[in-house]
Amino acid sequence: MATIPVETGFIIAGLLFLLGLIGVLVRRNIIYILLAIEIMLNAAGLAFVVAGAHWEQPDGQVMYFFVLTMAAAEVAVGLSLVLQMYHKFNTLDANLINRMRG
Amino acid sequence: MTAIFYISAAIAVVATFLTITRVNVVHSLLYFICSLLATGVMFFVLGATFVAALVVIINAGAIMVLFVFVIMMLNVGPQSADQERARLRPHVWIGPGLLSLLLLIELVYSLGRYHTGVTSGQTVGPQQVGTALFGPYLLAVELASMLLLAGLLGAYHLGRGVMTFMDRKP
Amino acid sequence: MLSLLWLVPILPLVGFAILAVTAGQLARKAVSVIAVGAVSLSALIAIGITVAYTITAPAGTVYSQTLWQWMRVGNFAPAVALHLDALSMTMMVVVAFVSALIHIYSTGFMADDTGYSRFFAYMNLFVGAMLTLVLADNLLLLYLGWEGVGLCSYLLIGFWYRDPDNVRAALKAFFVTRIGDTAFAIGIFLLFTSLGTLNIPAVLDEISTYAPGSTLPTAAAALLLVGAMAKSAQLPLQTWLPDAMAGPTPVSALIHAATMVTAGVYLIARMHTLFVMAPAVLLAVAIIGAVTQLVASFSALTQYDIKRILAYSTISQIGYMFLALGVGAWAAAIYHFGTHAFFKAALFLGAGVVIKMLDEEHDIFKMGGLRHRYPLTFWAFLFAALTLAAVPPLTITFNSKDLILNQAFLSKGGRGLWILGLIGTFLTAAYTFRMVFVVFFGPAQSRPEKTPARSMVAPFVVLAFLGAIAGIPELLTAIFGSQNLSSFLRSALPGPTRDFPSADGPWLFQLIYVATALAGIAVAYLLYERAPQYTRSVVSTSVGSWLHRWWFADWGFDWLYQKLFVGPYVVLARINRNDVVDLFYKGLALISRVINGLLSSTVNGNVRWYVAAVAGGAVIVVGLVVIL
């Protein structure tokens with residue numbers, strides 16, 4: 001199987017993560033934001049898996065499993081919130097939903 | 001096999017980039033699924049066969065289907081794509097791009113100081129993962145189940161009123 | 001009898017406590033009985049103690065009574081203890097007796113005042129504090145009494161507090177004496193840190209082991225001198241006393257003539273060993289005294305407010321006492337204190353009677369011709385004035401000042417001081433009889449209807465009479481060769497005895513003094529009774545009017561202090577109106593508000609903004625990790 005430098009794996013994970021971050025920061029549509037968060041979670045999971053592959057231990061995969069669980073729960077709640085938001089404000093623009101302004 | 005890893009990594013990065021730049025939600029979703037599949041290949045090549053399967057089944061399968069359902073329910077039409085295009089003027093990329101670039105430089109620099117070595121390429125199969133999950137990580141698994149339950153209940157509760165609203169909408 | 005000593009200071013304090021607790025609820029009669037009763041009883045006990053002491057003096061001529069231990073802090077354990085020797089006994093009996101008479105007088109003088117109970121409460125507190133001061137066995141207790149009389153002085157000067165001028169005068173007295181009190185306190189600290197005790201005999205014993213003129217005695221004596229100067233209104237801290245006349249006249253008589261202002265004299269006499277160890281300071285005491293009496297005499301010549309004349313006269317007479325202390329004639333100083341307490345209190349009480357009868361008229365040039373209307377007051381006032389001017393044989397107390405001058409002349413290098421004192425004698429006679437002639441002789445300016453109450457005249461006459469005959473104990477030696485007051489006081493105040501080389505000396509000098517005093521009276525008679533127009537013409541010349549204004553304004557001391565201290569202080573206060581120190585705290589508040597504004601503007605409810613902030617934080621943290 002593939003033997004790659006661990007740093008390379010981390011940099012790929014970092015690249016994916018930063019793309020996700022750019023997505024969160026740039027997009028105003030809340031569905032895109034959720035999608036970008038998924039990207040970031042996935043990138044973080046990739047880093048775990050690379051590390052686990054390096055040590056030949058299952059722990060990296062276990063962590064990915066937990067990340068996945070969390071992502072599932074988050075998406076379920078997040079998408080319900082998106083529906084509610086659309087119901088209440090009739091928009092998906094995150095900028096317009098700033099009621100938590102201090 | 002190493003070449004396959006790099007190829008799929010390139011695919012993943014490109015697909016992700018496309019995900020965040022598309023104006024049509026469904027296109028973005030498809031690119032993201034592509035990126036997830038590429039990640040799954042990377043996992044497989046790294047020897048993490050169990051999570052490779054999980055990515056395909058749960059992430060690319062279940063979660064993305066959830067997205068598709070919601071997009072369908074929200075009934076976003078072509079005017080939404082125009083709206084997105086209008087929002088994505090070049091200057092909005094500058095700030096986040098710079099921030100991310102800075103973070104990337106720092107990341108590369110700090111990683112460049114170490115040479116941990118290479119991944120082994122040995123397969124860590126589902127049996128080992130399962131043993132670990134229900135051995136030392138049993139408590140975490142229980143907590144994860146609680147989390148999923150909470151997500152389920154939350155989604156149900158939040159989504160309740162919306163359904164009637166959806167029904168009423170012509 | 002001596003064991004009743006503790007009652008002397010306690011009784012007036014008890015009277016004060018009763019009057020303070022009842023807070024004006026008592027009838028005037030009850031107030032009078034309590035206040036006058038307490039002080040009179042105290043005075044009777046004091047007289048009894050004096051008699052007992054003189055008949056059978058206790059061993060070592062000192063009787064001390066420890067009431068209780070005040071406090072214990074490490075090695076510092078001052079006791080509330082009373083110390084009775086010839087010095088404190090003389091002071092005690094004079095203070096108690098004069099206080100009692102003035103209390104009786106006050107029942108008449110203050111009869112119509114709304115603050116009757118308050119007045120007597122303050123007066124009783126004052127007497128208690130003064131007796132504590134006099135009888136104190138250690139410096140701390142003495143300081144307690146010292147501050148107590150200062151407080152009462154402040155309260156009583158500002159007794160009629162509805163008039164802002166009175167309040168200003170009270171504050172002035174308080175502030176100026178505070179300078180001295182601070183120096184005195186520092187002196188006490190210095191003595192305690194160096195000697196480890198505040199018990200007066202112990203301090204004096206310790207201090208006499210130092211070399212004369214060494215640093216510690218000099219510094220301590222100088223600090224105590226500043227305290228005494230402020231309390232006794234000596235140059236250059238005398239400015240408060242003339243203004244203190246804003247208080248009721250009995251207060252001026254008791255506090256600002258007879259008792260409190262002589263506390264400085266008492267302090268120096270009490271600590272005389274310390275001052276002997278500091279010859280430079282002792283010389284300063286003499287010079288201050290001589291100059292003060294001269295300066296104050298000139299000022300007294302130009303005043304037209306009868307109480308201010310007497311105030312300057314008080315300053316001047318205390319100057320004589322300081323002169324006596326400065327040349328080491330302790331007994332002479334205390335002797336003069338005693339006679340001065342009588343005749344000056346009498347003069348003030350007489351002035352009070354006149355002022356009261358003329359409806360609060362203070363200007364002597366609006367009085368005039370009162371000798372026919374108030375003959376008793378006139379004669380008593382005349383005798384008190386004669387005692388002040390020292391004219392034998394009409395007064396027997398003529399020699400109290402003369403002793404001082406003799407001692408000054410006989411002390412080493414004291415000729416200059418003697419000449420100053422002699423000029424002062426002339427001026428004293430002049431300003432005293434200027435007052436007498438203007439007030440009681442000449443054409444009547446008004447026809448007062450009132451007659452003074454008997455309770456006012458009686459103490460006044462008694463004091464004037466006592467003042468005139470107070471010299472008897474001192475004269476006894478000259479006539480019968482028995483023990484006189486000075487040798488009695490010498491048991492507590494061992495000082496140098498200086499005698500004229502020849503037996504004719506005293507008579508010769510006595511003649512000089514009498515002649516000087518008579519010359520002063522004659523000048524006053526000429527200028528104010530025979531030919532007042534000549535006085536006017538002298539004052540109307542440019543030099544005359546300039547001198548008149550200068551002396552009238554107390555040699556410009558007030559003006560100088562106004563320019564030197566008050567003015568700059570007011571300017572500083574004005575600059576600091578917005579509180580410079582506060583700027584720091586206001587700046588802190590401003591910075592907090594700015595930061596608050598910045599931070600709360602970051603909480604804008606925009607999710608993406610929060611994410612950006614988290615990312616920025618990550619950049620910074622990772623950057624720090626990378627750099628460090």
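Residues numbered from 1 in each chain as written. Chains lettered and ligands numbered in written order. Predicted model: local features only at pLDDT ≥ 70, side-chain atom pairs only at ≥ 80, totals over all residues. Heavy atoms only, no water.

### Some remarks on the overall build of chain A
Here is the rule we go by: Under the DSSP-based scheme used, a helix requires at least four consecutive residues in state H or I and a strand at least two consecutive residues in state E, with every element numbered from the N terminus. Taken over C-alpha atoms, the radius of gyration is set against a globule rule of 2.2 Å times the number of residues to the power 0.38. Only protein chains enter the accessibility calculation, which uses a 1.4 Å probe; a residue whose area is less than 20% of its type maximum is buried, one above 50% is exposed, and one in between is partly exposed. Note on contacts: a residue pair qualifies if any of its non-hydrogen atoms lie within 4.5 Å across the two residues. Accessible surface is estimated by sampling points in the Shrake-Rupley manner with a 1.4 Å probe; for residues, cover comes only from the protein chains shown.
Counting secondary structure elements, chain A contains three helices and zero strands. In chain A, the succession of α and β elements from N to C terminus is α-α-α. A compact globule built from 102 residues should have a C-alpha radius of gyration of about 13 Å, whereas chain A, at 17 Å, is more than 25% larger. When burial is assessed residue by residue, chain A has 64% of its 102 residues classed as buried. Once local pairs closer than 6 in sequence are excluded, the contacts in chain A between residues at least 24 apart make up 55%. Working note: accessible area of chain A is about 3,600 Å², and carbon and sulfur atoms make up 66% of it.

### What to know about the overall build of chain C
Applied cut-off: The sign given to each residue is positive for Lys and Arg and negative for Asp and Glu; His and the chain ends receive no count. Here the site of a charge means NZ on Lys, CZ on Arg, CG on Asp, or CD on Glu.
Scanning chain C from N- to C-terminus turns up 27 helices and two strands. Seen through its principal axes, chain C has C-alpha atoms that stretch 110 × 60 × 55 Å. Split into buried and exposed, the 628 residues of chain C put 55% on the buried side. Accessible area of chain C: about 25,900 Å², with a carbon and sulfur share of 70%. On chain C, the mean spot of the 35 positive side-chain charges and the mean spot of the 26 negative ones are 6 Å from each other.

### Here's the deal with the pattern of salt bridges
As a working rule, side chains carrying opposite charge can pair if their charged atoms are close by. Residues and elements named next belong to chain B. Condition: Every case where a carboxyl oxygen of Asp or Glu lies within 4 Å of a side-chain nitrogen of Lys or Arg is listed as a salt bridge.
Throughout the structure, instances matching the rule amount to 11 salt bridges over all chains. Across the pair Glu 84 and Arg 87 runs a salt bridge, and its minimum N-O distance is 3.3 Å. With Glu 84 and Arg 87 both in helix H4 (residues 78–87) and three residues apart, the pair spans about one turn of that helix. Exposure remark for Glu 84: the relative accessible area of 2% places this residue in the buried category. Overall, the relative accessible area of 15% leaves Arg 87 in the buried class.

### Side note on the nonpolar core
This is how the line gets drawn: Put simply, buried Ala, Val, Leu, Ile, Met, Phe, Trp, Tyr and Cys residues joined by side-chain atoms within 4.5 Å make one nonpolar core.
Ranked by size, the top nonpolar core spans 205 residues in total, and within it C:Leu84, C:Met92, C:Val98, C:Met271, C:Phe275 and C:Phe433 carry the most contacts. Beyond its immediate sequence surroundings of up to four residues, C:Phe433 is in contact with C:Leu382, C:Ala385, C:Leu386, C:Ala389, C:Ile521 and C:Ala524. Among the nonpolar cores identified, the runner-up in size contains 60 residues, and B:Phe43, B:Val45, B:Ala48 and B:Ile63 belong to it.

### Quick look at the interface of chain C and chain B
Put simply, the rule is: Buried area: the accessible area, evaluated with a 1.4 Å probe, that two parts lose upon being put together, summed over both parts. N or O atoms closer than or at 3.5 Å make up a polar contact, with two conditions inside protein: a donor-capable atom paired with an acceptor-capable one, and, for residues adjacent in sequence, both atoms drawn from side chains. In this classification, the charged set is Asp, Glu, Lys and Arg, the nonpolar set is Ala, Val, Leu, Ile, Met, Phe, Trp, Tyr, Cys and Pro, and all remaining amino acids, among them Gly, are polar.
If you look at the interface, chain C gives nine residues, while chain B gives seven residues. In this assembly, chain C packs against chain B so that about 630 Å² is buried in total across both faces, 77% of it on carbon and sulfur atoms. Considering only the side of chain C, the residues that lose the most area to chain B are C:Val619, C:Val622 and C:Val626, jointly responsible for 71% of the buried surface there. Along the contact surface separating chain C from chain B lie two residue pairs in polar contact (both at pLDDT 80 or more). Partitioning the side of chain C that touches chain B into residue classes produces seven nonpolar, two polar and no charged.

### Focus: the domain arrangement of chain C
This is how the line gets drawn: What fixes the domain bounds is an automatic or database domain assignment.
With domains assigned, chain C is organised as domain 1 (278–530) and domain 2 (579–627). Measuring from the centre of the C-alpha atoms in domain 1 of chain C to the corresponding centre in domain 2 of chain C gives 79 Å.

### Quick notes on the packing of helix H1 (residues 6–26) of chain A against helix H5 (residues 94–112) of chain B
How we decide: The axes used here are C-alpha line fits, helices contributing only the stretch in contact, and every angle between their N-to-C directions lies in the interval 0 to 180 degrees. Here the word oblique covers every angle except those under 35 degrees (roughly parallel), over 145 (roughly antiparallel) and from 65 to 115 (roughly perpendicular). Here is the rule for handedness: rotate from the far helix to the near one, and if that takes an anticlockwise turn smaller than a right angle the crossing is left-handed, while a clockwise turn gives right-handed.
Running from N to C, H1(A) and H5(B) cross one another at 165 degrees; their axes reach a closest spacing of 10 Å. As judged from the angle between their axes, H1(A) and H5(B) are roughly antiparallel. Read as a crossing pair, H1(A) and H5(B) show a hand that is right-handed. Contacts between H1(A) and H5(B) involve A:Glu7, A:Phe10, A:Ile11, A:Gly14, A:Leu15, A:Leu18, A:Leu21, A:Ile22, A:Leu25 and A:Val26 on the former and, on the latter, B:Pro96, B:Gly97, B:Leu99, B:Ser100, B:Leu103, B:Leu104, B:Leu107, B:Val108 and B:Leu111. Looking at side-chain class alone, the contact of H1(A) with H5(B) contains 15 nonpolar, three polar and one charged residues.

### Observations concerning the packing of aromatic side chains
Any two aromatic rings considered together are summarised by their centre-to-centre distance and by the angle between their planes. Our working rule: Note on ring pairs: Phe, Tyr and Trp rings are taken, using the six-membered ring of Trp, and paired if centres are within 6.5 Å. Classes follow the plane angle, with under 30 degrees stacked, over 60 edge-to-face and the rest tilted.
Under the definition given, this model contains 28 aromatic pairs over all chains. Here the aromatic rings of A:Phe66 and B:Tyr137 are separated by 6.2 Å at their centres, their planes lie at 65 degrees, and the arrangement is edge-to-face. On the criterion of chain membership, the pair formed by A:Phe66 in helix H3 (residues 59–89) and B:Tyr137 in the loop between helix H6 (126–133) and helix H7 (138–168) is interchain, its members lying in two chains. Assigned by exposure class, A:Phe66 and B:Tyr137 land together as buried. Plain terms: the ring middles of C:Trp418 and C:Phe509 are 5.6 Å apart, the flat faces sit at 75 degrees to each other, and that makes the pair edge-to-face. You can see C:Trp418 sitting in helix H18 (residues 415–440) and its partner C:Phe509 sitting in helix H22 (residues 505–530), a full 91 residues away along the chain. Here C:Trp418 and C:Phe509 have matching classes, each one buried.

### Considerations on the pairing of strand E2 (residues 79–84) of chain C
All names here are of chain C. Applied cut-off: For two strands to pair, DSSP has to find at least two bridges joining them.
The element E2 is largely enclosed, with a buried count of six among its six residues. As paired strands, strand E1 (residues 63–69) and E2 are joined by six bridges and run antiparallel to one another. Counted as the bridge partner of Ser 64 is His 83 from E2.

### Observations regarding the side chain of C:Asp305
Residue and element names in this part refer to chain C. Along the polypeptide, Asp 305 turns up in the loop between helix H13 (279–302) and helix H14 (306–326). Despite its burial, Asp 305 pairs with no opposite charge, the nearest such side chain being Arg 308 at 5.6 Å. At 2.9 Å, the side chain of Asp 305 and the backbone nitrogen of Lys 307 are in polar contact.

### With respect to the interface of chain A and chain B
On the chain B side, the residues contacting the 65 residues of chain A number 87 residues. Of the roughly 7,200 Å² buried between chain A and chain B on both sides combined, carbon and sulfur atoms contribute 78%. The interface formed by chain A and chain B contains two salt bridges. When the shortest N-O distance is used, the salt bridge between A:Arg27 and B:Glu84 registers 2.8 Å. Connecting chain A to chain B are 19 residue pairs in polar contact (both at pLDDT 80 or more). Elements supplying a minimum of two residues to the side of chain A that touches chain B: H1, helix H2 (30–55) and H3 of chain A. Counting residues per element, the side of chain A that touches chain B draws most heavily on H3(A), at 24 residues.

### Comments concerning the environment of C:Ser88
Residues and elements named next belong to chain C. Residue position: Ser 88 is located in helix H3 (residues 86–109). Non-local contacts of Ser 88, meaning those with residues more than four positions away in its chain, are made with His 83, Val 134, Leu 135, Tyr 266 and Arg 270. At 2.9 Å, the side chain of Ser 88 forms a polar contact with the backbone oxygen of His 83. A polar atom in the side chain of Ser 88 sits 2.9 Å from the backbone nitrogen of Asp 85.

### Examining the side chain of C:His272
Residues and elements named next belong to chain C. Turning to its location among the elements, His 272 is positioned in helix H12 (residues 272–276). Exposure remark for His 272: the relative accessible area of 7% places this residue in the buried category. Excluding anything up to four places from it in sequence, His 272 contacts Trp 330, Ala 492, Leu 493 and Pro 494.

### Quick notes on unusual backbone geometry
Omega for the bond connecting C:Leu235 with C:Pro236 falls within 30 degrees of zero, at 0 degrees, which places this linkage in the cis form. Tracing the backbone through its elements, the reader meets C:Pro236 in the loop between helix H8 (215–231) and helix H9 (240–243). At A:Glu56, a position not held by glycine, the phi torsion is positive, near 55 degrees. Structurally, A:Glu56 can be placed in the loop between H2 and H3. In this structure, C:Ala233 takes a positive phi of about 55 degrees despite not being glycine. Note that C:Ala233 resides in the loop between H8 and H9.

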